[in-house]
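# Geometric and topological summary
One letter stands for each residue in the lines below.
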Amino acid sequence: MIYLDNSATTRPFDEVREIMNKVMDVDFGNPSSMHNLGVVSENYIKKAKEQIAKTLKCKESEILFTSGGTESDNMAIIGGCYANARIGKHIITTGIEHPAVLETCAYIEKQGYEVTYLPVDSLGRVRIEDFKNALRKDTVLVSIMHVNNEIGSVMPIEEIGKIIKENNPNTLFHVDSVQGYGKFKINPKKSGIDLMSISGHKIHGPKGIGVLYIADKTKISPIIFGGGQQKGLRSGTENVIGIAGIGLAAEIIYRDFDKKIDKLYELKDYFVKELLKIEDVSVNAITDNIRETAPHIVSASIKGVRAEVMLHTLEDKGIYVSSGSACASNKPSISATLKSIGLKHDLLDSTIRFSMSVETTREDIEQTLSVLNEVIPMLRKYSRH
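Since the model is a prediction, treat every value here as computed from it, not as a measurement.

Basis of the calculations
Residues numbered from 1 in each chain as written. Predicted model: local features only at pLDDT ≥ 70, side-chain atom pairs only at ≥ 80, totals over all residues. Heavy atoms only, no water. Helix = DSSP H or I, 4+ residues; strand = E, 2+ residues; numbered from the N terminus. Rg over C-alpha atoms; globule rule 2.2 N^0.38 Å. Contact = heavy atoms within 4.5 Å. Areas by Shrake-Rupley, 256 points an atom, 1.4 Å probe, with all protein chains shown as cover. Buried < 20%, exposed > 50% of the residue type's maximum accessible area, 1.4 Å probe, protein only. Pairing = 2+ DSSP bridges. Right-handed = clockwise from strand over helix to strand, strands pointing away. Lys, Arg positive; Asp, Glu negative; His and termini not counted. Salt bridge = Lys/Arg side-chain N within 4 Å of Asp/Glu carboxyl O. Phe/Tyr/Trp six-rings, centres within 6.5 Å; stacked < 30°, edge-to-face > 60°. Lys NZ or Arg CZ within 6 Å of the ring centre and 35° of its normal.

## Observations concerning the overall build of the protein chain
Across its full length, the protein chain holds 11 helices and 12 strands. Taking 385 residues into account, the globule formula puts the C-alpha radius of gyration at 21 Å, and the protein chain, at 21 Å, falls close to it. On the principal axes, the C-alpha backbone points of the protein chain span a range of 65 × 55 × 35 Å. Across the protein chain, every contact between residues at least 6 apart in sequence was considered, and the portion connecting residues at least 24 apart equals 73%. For the protein chain, the exposed area adds up to about 17000 Å²; of that, 51% sits on carbon and sulfur atoms.

## Quick look at the pairing of strand β3 (residues 90-94)
β3 sits mainly inside the fold: 5 of its 5 residues count as buried. The alternating pattern of β3 places His90, Ile92 and Thr94 and Ile91 and Thr93 on opposite faces, both of which are buried. As paired elements, β3 and strand β4 (residues 114-118) share 5 bridges and run parallel to each other. Residue Ile91 lies in a different strand from β4, and its bridge partner there is Val115. Regarding the hand of the β-α-β motif, the stretch spanning β3, helix α4 (residues 99-110) and β4 is right-handed.

## Quick word on the side chain of Lys183
Residue position: Lys183 is located in the loop between β6 (172-176) and β7 (195-199). It is Asp176 that comes nearest to the buried, bridge-free Lys183 among opposite-charge side chains, at 11 Å. When neighbours within four sequence positions are excluded, Lys183 is seen to be in contact with Lys202, Tyr254, Phe257, Ile261, Pro295 and His296.

## A word on the packing of aromatic side chains
Centre distance and the angle of the planes are the two values used to describe a pair of aromatic rings. In the structure shown here, the tally under the stated rule is 3 aromatic pairs. Both rings, one in Tyr254 and one in Phe257, keep their centres 4.9 Å apart while their planes meet at 20 degrees; by these two values the pair is stacked. Among the aromatic residues, ring-to-ring pairing joins Tyr181, Tyr254 and Phe257 into one connected group. Its end group placed over the ring of Tyr113, Lys89 keeps NZ or CZ at 5.2 Å from the ring centre. Its end group placed over the ring of Tyr270, Arg362 keeps NZ or CZ at 3.7 Å from the ring centre.

Written out as structure tokens, the structure reads:
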């Protein structure tokens, strides 16, 4: 099997599976229990906070555990807006955000908020001038993704954070970093980020666990109520199994980080150059400097071949890819992201996402290229009939 759908989910590290099994089998106590088994479980939570905080250069108290990126996005936007309504009822986001952000913004609009959806350029990036023009005194929250999950474009979050804090320091800055965390070194404090979403299963951790970074003194209202766990911000018995897993995954993914990312960029550079040698294949959101893009995502448009056909043809060869965001892959609609970057109409339904991980090898990429060179001419021939 050659697995190139790592933006959808990653295979958990062996060490992550081991620690999760230990929590299930041996250290299975409720962290709210007063006895020793409960204390042991609580210590897993403390350890995971330390592990994640170290990667972000932040305090352990700024880490909140959620059920995943979607809940983190919901809590940041809804909780942030509700707790800071006195500032105003205007939100800024982009037209190419993950559905977890776009659908939450659609909900908040129904509650009387005004949302500005910024366009992007042909590389999938927000224009700074557009952002400056959209920012208002009554802007309560800005939510802009770090890395686009479909095309791998990288938003200028540091510059945006600086502009926000210089012009309106009360405006909250939320960054969906589900695809950025583990691929870039991120210092939320230096970047002016108040709220940041992370997902465990994108960094070789388990599914069903995420993090919301909440900067000190940031006001946020809970959206889940109950027993008052996690200082009342997110009630419910903590998912200790998942928390132990995401903590260790975060530690491992940032171990020898530069070496890992250099390898990913080398693979991406090779893959992109070889793809462009194939007739009528183009790569989206790519610049001359490969490091201006995410290291793990390659979006390729294959003229004359429908994405769904290509996906299943590759699957038959043991190669797993995606035709877009996994969260929308079962919907027949055309990607809003591809439309937003001005992709030609005949390529909208002919675009495949290849996404790598630290476990991807040169041999994986070479074999994938070999198969693509073999099947693309054949599929084009059949598509003409």
